[in-house]
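The primary structure of each chain is shown beneath.
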Amino acid sequence: MAAHTASPLAPDWLQVPEDGNALDPVIFSSGVSRHDDGQLAVQGIPASQLAADYGTPLLVVDEDDFRARARSFRDAFDAAFEDLCGGVDVYYAGKSFLVTPVARWIAEEGLCLDTASGGELAVALRAGVDPARIGLHGNNKSDGELRRALEVGVGRIVVDSLDELTRLAELAQEAGLTAPVMLRLTPGVHAHTHEFIATAHEDQKFGLSMADSSFTEGQDPDLSADAQRMDGPIPGKSPAAQAVAQALAAPSIELRGLHCHIGSQIFEADGFALAAERLLTFLAAIRQDHGVELEELDLGGGHGIAYTSADEPRAPEQIATALAAVVRAVCERLQMRCPRISIEPGRAISGPAGLSLYTVGVRKTVAVDHADGTFPRRYVAVDGGMSDNPRPVLYDADYTAVLASRTTEATPVLSRVVGKHCESGDIVVRDAYLPEDLQRGDLLAVPATGAYCHALSSNYNLLTRPAVVAVKDGVSRLIIRRETEDDLFARETE
Ligand SMILES: Cc1ncc(COP(=O)(O)O)c(C=O)c1O
Ligand SMILES: N[C@@H](CCCC[NH3+])C(=O)O
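Residues numbered from 1 in each chain as written. Chains lettered and ligands numbered in written order. Predicted model: local features only at pLDDT ≥ 70, side-chain atom pairs only at ≥ 80, totals over all residues. Heavy atoms only, no water.

(A) Summary view of the UniProt feature "modified residue: N6-(pyridoxal phosphate)lysine" (unreviewed entry) in the protein chain. The sites that carry the UniProt feature "modified residue: N6-(pyridoxal phosphate)lysine" (unreviewed entry) are, in the present numbering, Lys 95. Looking at the element boundaries, Lys 95 is found in the loop between strand 5 (88-93) and helix 3 (100-108). The partly exposed category is assigned to Lys 95, whose relative accessible area is 31%. Setting aside residues up to four positions removed in sequence, Lys 95 forms contacts with Asp 114, Ala 116, Glu 120, Tyr 452 and Ala 455. (UniProt positions renumbered as here; feature names shortened; annotations may be inferred. Helix = DSSP H or I, 4+ residues; strand = E, 2+ residues; numbered from the N terminus. Buried < 20%, exposed > 50% of the residue type's maximum accessible area, 1.4 Å probe, protein only. Contact = heavy atoms within 4.5 Å.)

Here it is in C-alpha cells:
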C-alpha cells in the first residue's frame, strides 16, 4: 500500500491503517477473517458468496460468536458471584436484537430473556422460552401486556412506576394471581454515554426515583398537585420507598427485589459500582424499615462494545470481577446477605456478532475547508443507510468499514460512507480510511451492527428491510427474509 498521511479532517482517534485489508479482532466477530482469495469471510464463507445468495444490504449474524458471548457472560458472572449468591441470572436484553431463532439460542445457552413489550414477549413465547425465565420491562406497559405476562406466568415483571404498581396489583387480584415484581429504581447515576441512552439520572422517564419527591415550596404548586394525581408521590418520601411499602402491603404482589439500569454503551466501571452500592444500601434500609430481606437485585445491562479502534470494551470476566468486589464489600459493610444477582446485557452479546454488508454505488469527492487549508472528503454511497442502521443519526454513533470483496494495495483515503435516503444526516460511517480504488459493485463490511440496527430499522423512503442471515458451523441460513414491495403494501387497506 502506498505511503500516506492522516487527513486533517479526520477525528483524532482515527489512525491511517498500515494495512487497509486488516480486520481488527476486537471489532469483528470471531468468525470473520480474510478468505484465501482475499475476500472478507464469515466462518469461511466469502462476502461475495453471501451477497450473491442473499443480496445486499445484508445483516450477517455469526451465531457461534453470539452464543459464545452469551456463554461468556453466564460463565464469568457465575464464577465471580458463586460464593456470594450462588451464581447470576443473565437476562439477554431482547431489545438489542430479537427474532424467534435468537430467543432459542439464548434459552439453549442457559440464559434468561428480558423483553420490553408485548411483541418481544410474544417472540419469546413463540420460541418456547420457559415463561419463568422471561422478564417483562417497559415504562408504560398496557393493561393487556400486564395481563398477558400474568397469564403466561413470566418470572418477573419489572415495575417502572407507582401507577403501574397499582394497576398490576389490581389486574393480578382480578385474575386471582400473584405478580412477581422487581421495582426499577433510578439511583441518580450519571453514566458516561450519549444523553439518549443514559437512564439512571433523575430527569428522565424511566423508573422510580430514590430521591425524595418534595418540590421547592412556591416553585410550582400545580406540578406538585399534578404529580400527586398522576403517581402519588408523598413529599418527603421517595417514590422508590413508597413503591416498596405499597408492594409489600399488596396481597397480589410478590416483591422479589430491586432493579436498576444506568444506560447503554458504557465502558467505565464506576457507574455500575455506584448503582450497585446505592441499591444494596436501599435493600439494607428496607430490611431496617420493614424487616424484609428482598431476594433479588438486578444490575441491568449497558456494557460497551468496540465499534471503532477508539473503543476499549471490558471483557465479561473483568466486568463480573469488578462488580462482585463491590457487591462483596458493600454487603460486608452493611452486614447483609448478598441477594441473588441478575444482569441484562444486550449489545455486548448481539452487537459484535453482527456485520452489515453493503454494495458500493455512487462515489464523489468534495473539497472541505479546514483551519489548515482545503482537503478532500470522499463520499461513498451504499445501498442501505439510516433505515437499516439509524444509530449514527440518533446517537452520533461511530462505525468503521472495510472493503470486503477483495484486497487492494491502493492508498487509503478519508471517506464517509453514506446511505441512499433523502437526508444529509444519512451516514453509515462518518469517518473511515477506505482504498482509493473503490469501485461501484465493491462490497463494504460494517462490523458490530448486531445490536440496535435490525431492532431499530424502518421503511423510511419505502426501502425494504434487509435480510438477516445466521452463520453457524460454516453454514449460512436465512433467518429473516428480505422485505419485498408486497410487504410495503401489505397493511394498506385501499
Ligand atoms: C432495562 C434495560 N435493560 C437492559 C438493557 C440492555 O442494554 P445494553 O444493550 O446496553 O446491554 C437496556 C437498554 O439499554 C434496558 O433499558
Ligand atoms: N438503542 C440504543 C440503546 C438503547 C437501549 C435501550 N434502553 C442504541 O442503539 O445505542
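(B) Local environment of the nonpolar core. Residues Phe 81, Leu 183, Leu 258 and Val 327 are the most contacted members of the largest nonpolar core, which totals 112 residues. It is helix 9 (residues 270-290) that provides the largest number of residues to this core, a total of 10 residues. When near neighbours in sequence (up to four residues on either side) are disregarded, Val 327 contacts Phe 81, Leu 84, Ala 276, Leu 280, Leu 299, Cys 338 and Ile 341. The next biggest cluster of nonpolar side chains, apart from the first, holds 23 residues, and it includes Val 32, Ala 51, Tyr 54 and Val 402. (Core = buried A, V, L, I, M, F, W, Y, C linked by side-chain atoms within 4.5 Å.)

(C) Quick look at the packing of aromatic side chains. Counting across every chain of the model gives 5 aromatic pairs. Residues Phe 77 and Phe 81 carry aromatic rings whose centres are separated by 6.0 Å and whose planes lie at 5° to one another, so their mutual orientation is stacked. Here the residue Phe 77 and the residue Phe 81 both occupy positions in helix 2 (residues 63-85), the gap between them amounting to 4 residues, near one helical turn. Residue class for Phe 77 comes out buried when judged on its relative accessible area of 0%. Judged by centre distance (4.9 Å) and plane angle (70°), the ring pair of Tyr 307 and Tyr 399 falls under edge-to-face. (Phe/Tyr/Trp six-rings, centres within 6.5 Å; stacked < 30°, edge-to-face > 60°.)

(D) Quick look at helix 2. Its 23 residues place the ends of helix 2 31 Å apart at the C-alpha level, agreeing with the 33 Å of an ideal helix rising 1.5 Å per residue. If you look at helix 2, its biggest bend is around 40°, right at Ala 79. Three or more residues of helix 2 are buried, namely Glu 63, Asp 65, Phe 66, Arg 67, Ala 70, Phe 73, Ala 76, Phe 77, Ala 80, Phe 81, Leu 84 and Cys 85. Just past helix 2, the residue Gly 86 takes up positive phi, approximately 80°. (Expected span 1.5 Å × (residues − 1). Bend = angle between axes of the 7 residues up to and from the residue.)

(E) Just the state of the cysteines, in detail. The full count for this structure, using the stated rule, is 0 disulfides. With no disulfide partner, Cys 331 has as its closest neighbouring cysteine sulfur the one in Cys 338, 4.4 Å distant. The class for Cys 331 is buried, based on a relative accessible area of 5%. (Disulfide = S-S within 2.5 Å.)

(F) Region of interest: the site of ligand 1. Surveying the vicinity of ligand 1 reveals 15 residues, the closest of which are His 261, Ser 264, Gly 302, Glu 344 and Tyr 452. A distance of 2.3 Å separates an oxygen atom of ligand 1 from a polar atom in the side chain of Ser 264. Within the side chain of Glu 344, one N or O atom sits 2.6 Å away from a nitrogen atom of ligand 1. Burial of ligand 1 by the surrounding chains reaches 93%, relative to a free accessible area of 390 Å². Tallied by class, residues from the shell around ligand 1 come to 3 nonpolar, 7 polar and 5 charged. (Near = heavy atom within 4 Å. Polar contact = N/O pair within 3.5 Å; in protein donor to acceptor, adjacent residues only side chain to side chain. Areas by Shrake-Rupley, 256 points an atom, 1.4 Å probe, with all protein chains shown as cover. Nonpolar A, V, L, I, M, F, W, Y, C, P; charged D, E, K, R; others polar.)

(G) Local environment of the sheet that holds strand 3 (residues 45-46). If you trace the 3 strands from one edge of the open sheet to the other, you get 1-2-3, paired in antiparallel fashion. Whereas interior strands pair on both sides, the edge strands pair on one side only; in this sheet they are strand 1 (32-34) and strand 3. Bridge analysis of strand 1 against strand 2 (residues 40-42) gives 3 bridges, and the strand direction is antiparallel. The residue of strand 2 that forms the bridge with Arg 34 is Leu 40. (Pairing = 2+ DSSP bridges.)

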